[in-house]
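# Structural characterization, general
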Amino acid sequence: MIIHPDVQDALANQQPVVALESTIITHGLPYPENVTMARKVEAIVRDAGAVPATIALIQGKITVGLDDKTLDTLAKNPDPIKVSTRDFGYAISQKKTGGTTVAGTLHVAEQAGIRVFATGGIGGVHRGAESTFDVSRDLEALAIHRVAVVCAGAKAILDLGKTLEVLETKGVDVIGYGTDVLPAFYTRESDFAVPHRLNTPEAVAALMQAKWAFNVPGGVVIVNPIPREHAADPSLIQRTIQEALIDMNERRITGKDQTPFLLDRLRQLTEGKSVDANLALVYHNARVAADIAVAYAKTLG
Ligand code: PSU
Ligand code: MN
């Protein structure tokens, strides 16, 4: 594992650090929007007083905190792999370059000692999972790693109700950040209530502290609604998602290719509006994660 000196310093001094995933760079957005996004997210985290640690696999090396050149090379890579937990052995031994999913990043973050992580949306139970068994490893990873993940909920390309049920089974806290309902990524609301609501970074930090001090295993999901001015029209996005799902099934896209396909199809169908919304929510999550990391660092030592 190669840890950037800035990240190493911060961790050694119990200063706030925010882990960032990289599948959004390699499989979520095209170049150069992906690198612009990644740099802006890092700047937001820094401005809020935390150290960003983008996590990726670079020629087989787990890298925590990417320098500018490495980030650019990753973002341009024509054939990166999507690294979830099951891919580490292969990707490390074959010296591959790729983006880590939420599951992959959670594993690395915990190994490095990072407790707060920002992403766009987590994976979950796919629609039709009762016959395909397609449930993201993200949920399993949240069950075992002691990391708090800030996200904008799960995308409505997933089955949100089943996703919440699995999170409950796995003992993962789902905290509405200033909201009583589960946000659905592009929209601020879904039909599902969250189990608990907290409104401040300090309250979230206290929850993390309490959960882990009592040795409750696993992570915390903080769901942070997309800023109002960037939210999509709920019925329009629902129809668009339906259309994208039909295309996906017609083309028989399965497994790990489904999430990237659906994101790209939504981008086409919304003429780029889904990407603007995606960027806005990622920036917002980065800010909230940094605030939580700052508050959590104050509870240490
Ligand atoms: N959701 C998004 N954008 C993404 C992903 C999810 O809105 O880029 C990525 C994340 O890295 C997540 C992964 O961990 O997709 C989940 O993939 P799968 O469903 O194959 O587990
Ligand atoms: Mn899957």
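Structure shown above.
Rules of the game
- Residues numbered from 1 in each chain as written.
- Chains lettered and ligands numbered in written order.
- Predicted model: local features only at pLDDT ≥ 70, side-chain atom pairs only at ≥ 80, totals over all residues.
- Heavy atoms only, no water.
- Helix = DSSP H or I, 4+ residues; strand = E, 2+ residues; numbered from the N terminus.
- Contact = heavy atoms within 4.5 Å.
- Near = heavy atom within 4 Å.
- Polar contact = N/O pair within 3.5 Å; in protein donor to acceptor, adjacent residues only side chain to side chain.
- Areas by Shrake-Rupley, 256 points an atom, 1.4 Å probe, with all protein chains shown as cover.
- Nonpolar A, V, L, I, M, F, W, Y, C, P; charged D, E, K, R; others polar.
- Pairing = 2+ DSSP bridges.
- Axes fitted to C-alpha atoms, helices over the stretch in contact; angles between N-to-C directions.
- Left-handed = near helix turned anticlockwise from the far one by under 90°.
- Phe/Tyr/Trp six-rings, centres within 6.5 Å; stacked < 30°, edge-to-face > 60°.
- Buried < 20%, exposed > 50% of the residue type's maximum accessible area, 1.4 Å probe, protein only.
- Lys NZ or Arg CZ within 6 Å of the ring centre and 35° of its normal.
- Salt bridge = Lys/Arg side-chain N within 4 Å of Asp/Glu carboxyl O.

Okay, the side chain of Asn285 next. Topologically, Asn285 is positioned in helix α13 (residues 273-299). With residues up to four places along the chain from it excluded, the contact list for Asn285 reads Ala118, Thr119, Gly120, Val150, Cys151, Ala152 and Asn224.

Turning our eyes to something else, we now look at the site of ligand 1. As a matter of local geometry, ligand 1 sits amid 14 residues, with Lys82, Val102, Ser136, Asp138 and Lys155 nearest to it. In the environment of ligand 1, an oxygen atom lies 2.7 Å from a nitrogen or oxygen atom belonging to the side chain of Ser136. Here ligand 1 has 470 Å² of accessible area as a free molecule, and 93% of this is covered by the chains. By residue class, the composition of the shell around ligand 1 is three nonpolar, six polar and five charged.

With that settled, the discussion passes to the pairing of strand β4 (residues 61-64). It is a general feature of regular strands that their side chains alternate between the two faces of the sheet. Summarising the sheet, strand β1 (residues 2-3) and β4 pair through two bridges and their orientation is parallel. If you follow Ile2 over to β4, its bridge partner there is Thr63. Alignment of strand β3 (residues 51-58) against β4, held across four bridges, turns out to be antiparallel. Residue Leu57 lies in a different strand from β4, and its bridge partner there is Ile62. The antiparallel pairing of β3 with β4 creates a hairpin that spans two residues between the two strands, and Gln59 there sits at a positive phi of about 45°.

So, about the packing of helix α3 (residues 33-47) against helix α4 (residues 68-76). The N-to-C vectors of α3 and α4 enclose an angle of 145°; their axes lie 9 Å apart at closest approach. As α3 packs across α4, the resulting crossing turns out to be right-handed. Two secondary-structure elements touch here, α3 through Asn34, Val35, Ala38 and Arg39 and α4 through Asp68, Leu71, Asp72 and Ala75. Taken together, the residues of the contact of α3 with α4 break down into four nonpolar, one polar and three charged.

Attention now goes to the packing of aromatic side chains. Applying the stated criterion across every chain, the model contains two aromatic pairs. Arranged with centres 6.1 Å apart and planes meeting at 85°, the rings of Trp212 and Tyr296 form a pair that is edge-to-face. Of this pair, Trp212 sits in helix α10 (residues 201-213) while Tyr296 sits in helix α13, placing them 84 residues apart in sequence. For Tyr296, a relative accessible area of 10% corresponds to the buried category. In this structure, Arg115 packs its charged tip against the face of Trp212, placed 5.5 Å from the ring centre. A cation over a ring is seen here: Lys155 above Phe185, with NZ or CZ 3.7 Å from the ring centre.

Inspection of the entire model under this criterion finds 14 salt bridges. Asp247 is paired through a salt bridge with Arg265; the nearest N and O atoms lie 2.5 Å apart. Within this pair, whereas Asp247 is found in helix α11 (residues 234-250), its partner Arg265 is found in helix α12 (residues 258-269), the two being separated by 18 residues in sequence.

On their own, these measurements won't tell you what the molecule is for.
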